[in-house]
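Observations on chain architecture
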Amino acid sequence: MSSPSKLYEESGKIKISVRLGKRLENISKDALAEPEEFWAEQAKSLVWSKEWDKVLDWHPPFAKWFTGGKLNASVNCLDRHIKTDIKNKAAIIWEGENGETRTLSYFQLYKEVNKFANVLKKLNVSKGDRVTIYMPMLPELPIAMLGCARIGAVHSVVFSGFSAQALQDRINDAQSKIVITADGGVRKGKLIELKKVVDESLPFVPSVEHVIVLKRAGNDVMLGSKDHWWNELMEGAKPYCTPVQVESTHPLYILYTSGTTGKPKGVIHGTGGYLTHVYATAKWVFDFGSQDIFFCTADIGWVTGHSYIVYAPLMHGATEIMYEGAADFPKPDRYWAIVEKHGATILYTTPTALRMYMKYGDEIPNSFDLSSLRLLGTVGEPINPEVWMWYFKTIGKERCPIVDTWWQTETGGIMLSMCTGIETIPMKPGSATFPVPGVDAVVVDEKGKTVPAGTKGYIVVRRPWPGMLLTLWGDDEKYRQVYWSKFAGMYYPGDYALNDQDGYLWLLGRADDVLKVAGHRLGTMELESAFVSHKAIAEAAVAGRPDSTKGEAIIAFLVPKEGYAKSENLRKEVVAHIRSTLGSIATPDEVYFVSKLPKTRSGKIMRRLLKSIASGDKIGDVTTLEDGAAIDEVKQAYEDLKNVVES
Ligand code: WTA
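Report follows, based on the coordinates. Since this is a predicted model, take the numbers as computed values, not measurements.

Analysis parameters
Residues numbered from 1 in each chain as written. Predicted model: local features only at pLDDT ≥ 70, side-chain atom pairs only at ≥ 80, totals over all residues. Heavy atoms only, no water. Near = heavy atom within 4 Å. Polar contact = N/O pair within 3.5 Å; in protein donor to acceptor, adjacent residues only side chain to side chain. Areas by Shrake-Rupley, 256 points an atom, 1.4 Å probe, with all protein chains shown as cover. Helix = DSSP H or I, 4+ residues; strand = E, 2+ residues; numbered from the N terminus. Nonpolar A, V, L, I, M, F, W, Y, C, P; charged D, E, K, R; others polar. Buried < 20%, exposed > 50% of the residue type's maximum accessible area, 1.4 Å probe, protein only. Arc of directions from axis to C-beta. Contact = heavy atoms within 4.5 Å. Pairing = 2+ DSSP bridges. Axes fitted to C-alpha atoms, helices over the stretch in contact; angles between N-to-C directions. Core = buried A, V, L, I, M, F, W, Y, C linked by side-chain atoms within 4.5 Å. Patch = residues over 30% accessible without salt bridge, like charges linked within 9 Å, V, L, I, M, F, W, Y side chains within 5 Å. Salt bridge = Lys/Arg side-chain N within 4 Å of Asp/Glu carboxyl O. Lys, Arg positive; Asp, Glu negative; His and termini not counted. Charge placed at Lys NZ, Arg CZ, Asp CG, Glu CD. Right-handed = clockwise from strand over helix to strand, strands pointing away. Left-handed = near helix turned anticlockwise from the far one by under 90°. Phe/Tyr/Trp six-rings, centres within 6.5 Å; stacked < 30°, edge-to-face > 60°. Lys NZ or Arg CZ within 6 Å of the ring centre and 35° of its normal.

Turning our attention to the site of the ligand. Close to the ligand lie 17 residues, the nearest being Asp404, Thr405, Thr409, Arg510 and Arg521. Between Gln408 and the ligand, the recorded distance is 2.9 Å, taken from a side-chain N or O atom to an oxygen atom. Out of a free accessible area of 530 Å², the ligand has 96% covered by protein chains. Those elements that place two or more of their residues in the shell around the ligand are helix H11 (303–315), strand S20 (402–405) and strand S25 (505–510). Each residue belonging to the shell around the ligand can be placed in one class, and the counts come to 6 nonpolar, 5 polar and 6 charged.

All of the buried residues in helix H8 (residues 194–201) are Leu194, Lys195, Val197, Val198 and Ser201. Each buried residue of H8 lies within a common arc of 160° when the element is viewed along its axis, so the set occupies one face. The inward-facing, buried residues of H8 abut helix H7 (164–174), strand S8 (178–182), strand S9 (185–187), strand S10 (190–192), strand S11 (210–214) and strand S12 (227–229).

This next bit is on the sheet that holds strand S22 (residues 457–461). Judged by pairing direction, the sheet is antiparallel, and its 4 strands sit side by side in the order S21-S22-S24-S25 without closing on themselves. Sheet topology places strand S21 (441–444) and S25 at the edges, where each strand pairs with a single neighbour. Averaged over all neighbouring strand pairs, the angle between strand axes comes to 45°, with direction disregarded. As defined by bridge partners, S22 adjoins strand S24 (residues 495–499) across 2 bridges and the pair is classed as antiparallel. Looking at the pairing, Gly457 lines up with Ala497 of S24.

Okay, the nonpolar core next. Core analysis: the biggest nonpolar cluster contains 154 residues, and Ile180, Phe286 and Tyr311 have the highest contact counts within it. In terms of residue count, helix H10 (residues 272–286) provides more of this core than any other element does, 9 residues in total. In contact with Phe286, other than residues within four places in its own chain, are Thr281, Phe294, Tyr308, Ile346, Tyr348, Arg374, Leu375, Val403, Ile414 and Thr420. Core analysis: the next-biggest nonpolar cluster, separate from the first, contains 42 residues, Tyr134, Val213, Leu570 and Ile585 among them.

Moving on, we come to a negative patch on the surface. Negative charge collects at one region of the surface, where Asp30, Glu34, Glu36 and Glu37 lie side by side. Along the polypeptide, Glu34 turns up in the loop between helix H2 (22–33) and helix H3 (35–43).

With respect to the helices and strands, the residue Ala312 is situated in helix H11. Distance in space between the C-alpha atoms of Ala312 and Cys77 is 8.1 Å, their sequence separation being 235 residues.

Burial within strand S29 (residues 551–560) is extensive, with 10 of its 10 residues counted as buried. Bridge analysis of strand S28 (residues 537–547) against S29 gives 10 bridges, and the strand direction is antiparallel. Looking across to S29, one finds that Asp547 is bridged to Gly551. Counted along the chain from S28 to the antiparallel partner S29, the turn is 3 residues long. As paired strands, S29 and strand S30 (residues 590–593) are joined by 4 bridges and run parallel to one another. Bridge pairing links Ile555 to Glu590 in S30. Crossover handedness for the path S29 to helix H18 (residues 568–581) to S30: right-handed.

This part covers the environment of Gln408. Relative to the helices and strands, Gln408 resides in the loop between S20 and S21. When the C-alpha positions of Gln408 and Val379 are compared, they lie 9.6 Å apart, and in sequence the two are 29 residues distant.

This part covers the packing of helix H6 (residues 140–150) against H11. Where H6 meets H11, the axes come as close as 11 Å, and the angle between the chain directions of the two elements is 65°. You can see that H6 and H11 cross each other, and the crossing is right-handed. Mapping the contact onto sequence places Pro142, Met145, Leu146 and Ala149 in H6 and His306, Val310, Tyr311 and Leu314 in H11. Considered class by class, the residues forming the contact of H6 with H11 number 7 nonpolar, 1 polar and no charged.

Turning our attention to the packing of aromatic side chains. Within this structure, the stated rule accounts for 41 aromatic pairs. Here Phe62 and Tyr479 contribute two aromatic rings whose centre-to-centre distance is 5.2 Å and whose plane-to-plane angle is 40°, an arrangement assigned as tilted. In this pair, Phe62 is assigned in strand S2 (residues 62–67) and Tyr479 in helix H16 (residues 476–484), connecting sequence segments 417 residues apart. A centroid spacing of 5.7 Å and a plane angle of 50° characterise the contact between Trp65 and Phe66, whose relative ring orientation is tilted. Trp65 gets classed as buried once you look at its relative accessible area, which sits at 5%. Judged by relative accessible area, Phe66 falls into the buried class, the value being 0%. What links up through ring pairs into an aromatic cluster is the set Trp58, Phe62, Trp465, Tyr479, Tyr483, Trp484 and Tyr491. Of note, Lys428 hangs over the ring of Tyr504, and the distance from its end group to the ring centre comes to 4.8 Å. The ring of Tyr458 has Lys486 lying over it, and the distance from NZ or CZ to the ring centre is 4.6 Å.

Looking along the chain, the bond that leaves Pro60 and enters Pro61 is cis, with omega of 0°. The residue Pro61 is located in the loop between strand S1 (54–59) and S2 in this model. Cis geometry is found at the peptide bond from Phe329 to Pro330, where omega equals -5°. In this fold, Pro330 is placed in the loop between strand S17 (319–323) and helix H12 (334–342). One non-glycine residue, Phe66, adopts positive backbone phi at about 60°. Inspection of the secondary structure puts Phe66 in strand S2. The backbone of Ala518 shows a phi angle near 50°, a positive value even though the residue is not glycine. When you line up the elements, Ala518 lands in the loop between strand S26 (514–517) and strand S27 (520–523). Using a relative accessible area of 24% as the deciding quantity, one classes Ala518 as partly exposed.

If you want it as structure tokens, here you go:
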């Protein structure tokens, strides 16, 4: 597989004549000329109980959108529809891995959310309290989130693939009062024992007063003194809960994501600005119509699920498909089967899933009726042009445009993408095209100067946008330092990019120590601290290497402590340790034991060098490496590692 930086070169093989649509160009130009007026116009699509006084209060790097305004997210997703024809429309069509389905109408979802909000109130949860949600992909997950939003509580969803240590860290950081979980989830036919993971964390999370457990897998779980069955609490709950109208800047949720430091960061999203951004981008990018059935394959544990499974589609009154299970279980055809069965019109998925399906050939997708599809989307990683072409031809039958959407947990919603709701423009396989209207994104060099066409640089955003994170939970300083210190006055996402001759943007992978493994975001330092928390490991260095399915694979170089032999057993033990502390998504693909790691004189691990070694790339000129590295030692270490890798 090609590395992201090769995508652009390869794409040159596909000839497309390009003329940027005038409509998009004009809208974008007007939006950037008067951004506040532009975003205020978009915010009018939401239901506000009190209109804002000021569109943007910008004290760099802190942006407050629609100050003085009040609204409620659950009202915007539900109450707004229940006096319209949408009331009885399917909101969620859920499908389990075993083919079981459940459908909830907007009215049913509204009822459940109201009841659940009352359950939370009864457990003394009130505005501003944090609630950790650790659940499988079931309708009760959005019900729990919207129940929190209804009373102004801040939800913190933790991906159900994370293990005890990761869950514990996130609960403690947010100081959550409540944890919501289920007796089990299902993945590849196996039961995932979520409650057991919560039980393991419970002694170490003193802020937690109650645990709510959804009964669904029939798994025999023990209830402790803090535990309640979801189903029993719901039975006694009142059917209506008055929504708490919160300030536009009130935190709607915290979502932890990995960065370049050891601990995950709690990204906080507000209410009015965030909802405006996801509402507008869903309209522009996906162009929801009343007949649409939207299938976003993300897990709600990640931001794509928050924004484009929960908030945007529900605010639009769309019907969406929610799938719990693996893409390839029991057979590598699940997405196609679901598209056919439920008549999905829009499919929004990841390059990793597409690469996996592509390996099985065309016969499987060709055996399904995919004619309901009208639009395809991708997110989470760069898409290789050959995979893009396969998606376009085999899945979309050359009828469906593809929206390659670039954005991040921190941006809240889509930042770069073709906007089919405005105008379908000529596509270039592998390019995310242009910033959405109102977003001022450009490519700059190391000094922050805009680079000429065709030059690799860093993507930055020069002005605040409504979906922008408020800050990091409990750490304004880190927020400032991570996103706003590399380039003065500009938001730094940490991705390489370039602009081509036609102005199209190409994302070229991460510029920092963050990995994208099967679309999941993992920090190398976070992985390294998990490795050294094993009793036999003294030092660890982690790097990514291109992988033909997952995009990136995790390679670990470990230095065992004295007295521990480098054995196959130890290798197995550390892999198991990573899975049980962080979760299966962090499973290393290759583990090498070495006696020392290449470092700079100041003691920094040279991950870039490790990455080149692991990828089989040339290491280049080591004399140019940072901080006056101890060249001879590095070279020696490189040779040692190379020998290990090759043996
Ligand atoms: C990467 C996921 C190329 C990028 C929504 C970004 C992409 C990180 C794309 C954020 C895309 C996301 N093309 N790369 N279309 N979309 N990325 O926070 O490196 O899980 O910075 O948000 O994913 O990952 P996150």
